[in-house]
Amino acid sequence: GPHIHYGYDEHDAINQKMHRTSDSITFRNLADGEHLLFVDLRSGSHDWLGHLESVASVTVTIDTTAPTVETNQISPAKDATNVPLNSTVSIRMSEQIVNGSTLTLSTSGTVLNGSIGQVTAGSKGELTFVPDESLLPGTLYTVQVTGVHDMAGNPMQIFTTSFTTVPAPDVSPNGTNTSTITLP
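None of these values were measured; they are calculated from a predicted model.

Asker: Looking at this structure, I do not really get the overall build of the protein chain. What am I missing?
Answerer: Assigned secondary structure in the protein chain consists of zero helices and 13 strands. N-terminal to C-terminal, the α/β element order of the protein chain is β-β-β-β-β-β-β-β-β-β-β-β-β. A burial count over the protein chain gives 30% of its 184 residues as buried. Excluding contacts between residues fewer than 6 apart, the proportion of contacts in the protein chain whose partners are at least 24 apart in sequence is 61%. A total of about 11,800 Å² of accessible surface is found on the protein chain, and carbon and sulfur atoms cover 52% of it.

Asker: Looking at this structure, how should I read the pairing of strand β12 (residues 140-146)?
Answerer: Here is the key point about a regular strand: its side chains alternate between the two faces of the sheet. What you see with β12 is a clean split: Tyr141, Val143 and Val145 sit on the buried side and Leu140, Thr142, Gln144 and Thr146 on the side with no burial. Two strands pair when backbone bridges link them, and strand β8 (residues 102-107) and β12 are joined in this way by five bridges, in the antiparallel orientation. Paired with Thr102 across the two strands is Thr146, which belongs to β12. Of the pairings in the sheet, the one linking β12 to strand β13 (residues 159-165) comprises six bridges and is antiparallel in character. Counted as the bridge partner of Tyr141 is Phe163 from β13.

Asker: Even after reading the chapter, I still don't get the side chain of Ser162, so can you show me in this structure?
Answerer: Within the secondary structure layout, Ser162 lies in strand β13. Setting aside its immediate chain neighbours within four residues, Ser162 contacts Ala77, Lys78, Asp79, Ala80, Leu140, Tyr141 and Thr142.

Asker: Sorry, what's going on with the sheet that holds β13 here?
Answerer: Two strands in a sheet stick together by hydrogen bonds in their backbones, pointing the same way (parallel) or opposite ways (antiparallel). Strand order in the open sheet made by the five strands is β6-β13-β12-β8-β9, with mixed pairing throughout. The two strands at the open ends of the sheet, each matched to only one other strand, are β6 (80-83) and β9 (110-111). Where β8 meets β9, two bridges bridge the pair, whose relative direction is antiparallel. Residue Ser106 lies in a different strand from β9, and its bridge partner there is Val111.

Asker: Before we go on, may I ask you to explain the environment of Val119 in this structure?
Answerer: Residue position: Val119 is located in strand β10 (residues 114-121). Classification of Val119 as partly exposed rests on a relative accessible area of 42%. With 23 residues separating them in the primary sequence, Val119 and Gln96 have C-alpha atoms 9.0 Å apart.

Asker: Would you mind showing me how to read the pattern of salt bridges here?
Answerer: In a structure, side chains of opposite charge can pair up when their charged atoms sit close to one another. Taken as a whole and judged by the stated rule, the model has two salt bridges. A salt bridge links Glu70 to Lys124; the nearest nitrogen and oxygen atoms lie 2.5 Å apart. Of this pair, Glu70 sits in strand β5 (residues 69-75) while Lys124 sits in strand β11 (residues 124-131), and the two are 54 residues apart along the sequence. Of the charged contacts, one joins Arg92 and Glu126 as a salt bridge, the two residues approaching to 2.9 Å between their closest N and O atoms. Here Arg92, found in strand β7 (residues 89-93), pairs with Glu126, found in strand β11; they are 34 residues apart in sequence, far enough to count as distant. When its relative accessible area of 15% is taken as the criterion, Glu126 is described as buried.

Asker: Looking at this structure, I do not really get the side chain of Glu95. What am I missing?
Answerer: Along the chain, the position of Glu95 falls in the loop between β7 and β8. As a buried residue without a salt bridge, Glu95 has its nearest oppositely charged side chain in Lys124, at a separation of 9.4 Å.

Asker: It is not clear to me how the environment of Val58 should be interpreted in this structure. Could you clarify?
Answerer: Following the sequence through the fold, Val58 ends up in strand β4 (residues 55-62). Between the alpha carbons of Val58 and His35 there is a distance of 8.3 Å; along the sequence they are 23 residues apart. Discounting chain neighbours no more than four positions away, the residues touching Val58 are His35, Leu36 and Leu37.

Procedures and definitions
- Residues numbered from 1 in each chain as written.
- Predicted model: local features only at pLDDT ≥ 70, side-chain atom pairs only at ≥ 80, totals over all residues.
- Heavy atoms only, no water.
- Helix = DSSP H or I, 4+ residues; strand = E, 2+ residues; numbered from the N terminus.
- Buried < 20%, exposed > 50% of the residue type's maximum accessible area, 1.4 Å probe, protein only.
- Contact = heavy atoms within 4.5 Å.
- Areas by Shrake-Rupley, 256 points an atom, 1.4 Å probe, with all protein chains shown as cover.
- Pairing = 2+ DSSP bridges.
- Salt bridge = Lys/Arg side-chain N within 4 Å of Asp/Glu carboxyl O.
- Lys, Arg positive; Asp, Glu negative; His and termini not counted.

By themselves, these figures tell us nothing about what the structure is for.
Written out as C-alpha cells, the structure is:
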C-alpha cells in the first residue's frame, strides 16, 4: 500500500529509507551543520504519486557543540589589575544562549548584589553584571558563570575568572601627603 520515503541531504539510496508505520521517524548520527530532511508519499509500487503536496522538506541545523567563553571578550580581562571601581562585568559566549544563566561576582566568599543582563550581540550571547555599589579598592574579585545553555540545549562548563581593582590612594590621616626632607 502507500508508504512514505524519507531521507536527508540527497535523494539517493544511501540516505533514503521507507516508512510504513505511524511511529515517529528518527534520524541518527547526523553531523553538526545544516541538513535537508525530506519525505514523499509513494504508491504501493514505489512510484511517486506525482502530487506536489505529497513532497515536503525542511532544513534543520544539528548542534551538539557546547557554548564557550570568548576569552578575548571578557571585561575586565582575566587576571586584570588596576580595574576601576565603577566597572561592570561582561562575558561574551561563542554563540547565542538561552535565558537562565547566572553570573556572580564575589570577594572573599561574599557574593555582591547587582543586576544581571543577557543580550544578543550578533550571533553571540553576552552576560553582563552591574554591581549595586562601587567595588572596593585593592580587592581581588571572582567572576563565576553557571547554567549556560545554547539554543540547542548544550550545556557550557562552569567558567571562572578574576580581577583586582585599583589600590586605595596613599593618604596621610589628615588628608595631605607627607614627605620627609633630611637636611645636612
